[in-house]
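Below, each chain spelled out in residue letters.
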Amino acid sequence: MSRRELREHIFRMLFRREFFFTEEEFEGQVRMYLEELEPLEEKDRAYMWEKTDAVYHLVPELDERLNEVARGWKTGRMGKVDLTVLRLALYEMCHEESVPEKVAINEAVEIARKYGGDDSPSFVNGILAKLVTEQ
C-alpha cells in the first residue's frame, strides 16, 4: 500500500475518534476498520495501528499547538474533518523525521480537498503554514 493510501486510512481511523468517548470504544472501531481492509499486509496493519495510536494519545498536545496559531478558530470550533487532518499533519511534522514538512502539508491539503468542505484545503494550508513559520 502506498504512503498516501496509508495516510488516508489513518485519517479515516482518527476521524472516528471524534464520535467515541472512551479509548476502548475507539480501539474497537480501529480494529473493525482494519478487519474491513482485509487482505492487508501485516506491516501496513502495524504501521496504521501504531501511527493512529500515537496521534490519538498526543491529541491534547497537538490541539494546544493548533490553538496557539489558529486565532479565532480554536480547535473546539473547527470542523471535525479539518481538525483531524491538522492533527495528523502536525504529528507528521513534529514526530516523523522521514516526512518532510512540505510533504505533510501537501498530503494534508489533498485529504482536506477530498473529505472537507470548499474552504478546507486553504484553511488547512494556512494553519500549517503558520505552524511552520512559528517553529
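On a predicted model such as this, the values are computed, not experimentally measured, just so you know.

The rules behind these values
- Residues numbered from 1 in each chain as written.
- Predicted model: local features only at pLDDT ≥ 70, side-chain atom pairs only at ≥ 80, totals over all residues.
- Heavy atoms only, no water.
- Axes fitted to C-alpha atoms, helices over the stretch in contact; angles between N-to-C directions.
- Helix = DSSP H or I, 4+ residues; strand = E, 2+ residues; numbered from the N terminus.
- Parallel < 35°, antiparallel > 145°, perpendicular 65-115°, else oblique.
- Contact = heavy atoms within 4.5 Å.
- Expected span 1.5 Å × (residues − 1).
- Buried < 20%, exposed > 50% of the residue type's maximum accessible area, 1.4 Å probe, protein only.
- Arc of directions from axis to C-beta.

Undergrad: Now, about the packing of helix H4 (residues 59–69) against helix H7 (residues 120–133): what can you tell me, with residues and values included?
TA: Running from N to C, H4 and H7 point in directions that differ by 95°, and their axes come no closer than 9 Å. With respect to each other, H4 and H7 are oriented roughly perpendicular. Only Ile 127, Lys 130 and Leu 131 of H7 make contact with H4, whose side of the interface consists of Arg 65, Leu 66 and Val 69.

Undergrad: Outline helix H5 (residues 80–95), listing residues and values.
TA: With 16 residues, H5 should cover 22 Å at 1.5 Å per step; its first-to-last C-alpha distance of 22 Å lies within 8% of that length. Burial runs high along H5: 13 of the 16 residues are buried.

Undergrad: How would you sum up the side chain of Asp 63? Please name residues and give values.
TA: Among the secondary structure elements, Asp 63 is positioned in helix H4. Residue Asp 63 is classed as buried on the basis of its relative accessible area of 11%. Apart from the residues within four sequence positions on either side, Asp 63 is in contact with Thr 75, Leu 83 and Arg 87.

Undergrad: Let's hear about helix H3 (residues 42–57): which residues, and what values?
TA: If you check H3, its first and last C-alpha atoms are 22 Å apart, about what 16 residues at 1.5 Å a residue would give, namely 22 Å. When H3 is considered as a whole, its buried residues turn out to be Asp 44, Arg 45, Met 48, Lys 51, Thr 52, Val 55 and Tyr 56. Projected onto a plane normal to the axis of H3, the buried residues spread over an arc of 145° and lie on a single side. Facing away from the buried surface of H3 by more than 90 degrees, the exposed residues are Glu 42, Lys 43 and Glu 50. Summarising the contacts, the buried residues of H3 are in contact with helix H1 (3–16), helix H2 (23–36), H4 and H5.

Any functional reading would require information that these geometric values do not contain.
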